[in-house]
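Letter by letter, the chains look like this.
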Amino acid sequence: QVQLVESGGGLVQPGGSLRLSCAASGITFSIYDMGWYRQAPGKQRELVATITSSGITNYADSVKGRFTISRDNVKNTVSLQMNSLKAEDTAVYYCNADWRDSLITRNYWGQGTQVTISS
């Protein structure tokens, strides 16, 4: 059974920091590309950051320079360090695991963790 369990969300003032973590089980974590996505009320889910199985990272323009994604293939975790948080970062943040080859796609989501930026 595949599980992606996010943690670390909460309420933070603008300019503050949070660190989200996602613990994965039931998958061969090291071969999966991992990502963080977010969904604000009334908006579509959007990509925040991804990290490939080989460690290549990609960020949405809106978070570049403020957020850092990392992974630990020993602990089977992916983290998102969020600094200089803004009100527009308020959303539910979801962890994603993705693996695919020419025939098979495996894609999994966590249940989400709420991040609220407010004074």
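Right above here is the structure, for reference.
Below or above, wherever it landed, is the structure these notes cover.

### Quick word on the overall build of the chain
If you tally the helices and strands in the chain, you get 0 helices and 11 strands. Reading the chain from its N terminus to its C terminus gives the helix and strand order β-β-β-β-β-β-β-β-β-β-β. The C-alpha atoms of the chain give a radius of gyration of 14 Å, which matches the 14 Å a tight globule of 119 residues would have. Principal-axis analysis of the C-alpha atoms places the extent of the chain at approximately 45 × 25 × 25 Å. Here the chain, with 119 residues, has 39% of them falling under the buried criterion. By sequence separation, contacts in the chain at least 24 residues apart represent 54% of the contacts at least 6 residues apart. As displayed, the chain offers around 6,400 Å² of accessible surface, 47% of which is attributable to carbon and sulfur atoms. The averaged location of the 9 negative side-chain charges in the chain is 2 Å from the averaged location of its 11 positive side-chain charges.

### Observations regarding the packing of aromatic side chains
Enumeration according to the criterion identifies 3 aromatic pairs in this entry. Arranged with centres 6.5 Å apart and planes meeting at 85°, the rings of Tyr 94 and Trp 109 form a pair that is edge-to-face. In this pair, Tyr 94 sits in strand 9 (residues 91–100) while Trp 109 sits in strand 10 (residues 105–109), placing the two residues 15 residues apart along the sequence. Using a relative accessible area of 13% as the deciding quantity, one classes Tyr 94 as buried. By relative accessible area, Trp 109 is classed as partly exposed at 37%. Feature note: the residues Tyr 37, Tyr 94 and Trp 109 constitute an aromatic cluster, connected by ring pairs. A cation over a ring is seen here: Arg 45 above Trp 109, with NZ or CZ 4.5 Å from the ring centre.

### What about the sheet that holds strand 3 (residues 18–25)?
The strand order across the open sheet built from 4 strands is 1-3-8-7, with neighbouring strands paired in antiparallel fashion. A strand with exactly one partner marks an edge of an open sheet, and here the two such strands are strand 1 (3–7) and strand 7 (67–72). Going from strand to strand, the sheet's axes swing by 15° on average, the running direction of each strand aside. Where strand 7 and strand 8 (residues 77–82) come together, 6 bridges link them in antiparallel fashion. What sits directly across from Phe 67, in strand 8, is Met 82.

### Side note on the pattern of salt bridges
Side-chain pairs of opposite charge can arise whenever the charged atoms involved come near each other. Under the criterion given, the structure shown has 5 salt bridges. A salt bridge links Arg 38 to Asp 89; the shortest N-O distance between them is 2.9 Å. Here Arg 38 is found in strand 4 (residues 33–39), whereas its partner Asp 89 is found in the loop between strand 8 and strand 9, with 51 residues between them in sequence. As far as the burial class goes, Arg 38 and Asp 89 line up, both buried. The partner of Asp 61 in a salt bridge is Lys 64, with the nearest N and O atoms 3.1 Å apart. Ionic contacts of the salt-bridge type, sharing partners, join the residues Arg 38, Glu 46, Arg 66 and Asp 89 into one network.

### So, the pairing of strand 3
Side chains Leu 18, Leu 20, Cys 22 and Ala 24 project from strand 3 onto a buried face, and the interleaved Arg 19, Ser 21, Ala 23 and Ser 25 project onto a face without burial. Note: strand 1 against strand 3, 5 bridges, orientation antiparallel. If you follow Glu 6 over to strand 3, its bridge partner there is Cys 22.

Definitions and cut-offs
- Residues numbered from 1 in each chain as written.
- Predicted model: local features only at pLDDT ≥ 70, side-chain atom pairs only at ≥ 80, totals over all residues.
- Heavy atoms only, no water.
- Helix = DSSP H or I, 4+ residues; strand = E, 2+ residues; numbered from the N terminus.
- Rg over C-alpha atoms; globule rule 2.2 N^0.38 Å.
- Buried < 20%, exposed > 50% of the residue type's maximum accessible area, 1.4 Å probe, protein only.
- Contact = heavy atoms within 4.5 Å.
- Areas by Shrake-Rupley, 256 points an atom, 1.4 Å probe, with all protein chains shown as cover.
- Lys, Arg positive; Asp, Glu negative; His and termini not counted.
- Charge placed at Lys NZ, Arg CZ, Asp CG, Glu CD.
- Phe/Tyr/Trp six-rings, centres within 6.5 Å; stacked < 30°, edge-to-face > 60°.
- Lys NZ or Arg CZ within 6 Å of the ring centre and 35° of its normal.
- Pairing = 2+ DSSP bridges.
- Axes fitted to C-alpha atoms, helices over the stretch in contact; angles between N-to-C directions.
- Salt bridge = Lys/Arg side-chain N within 4 Å of Asp/Glu carboxyl O.

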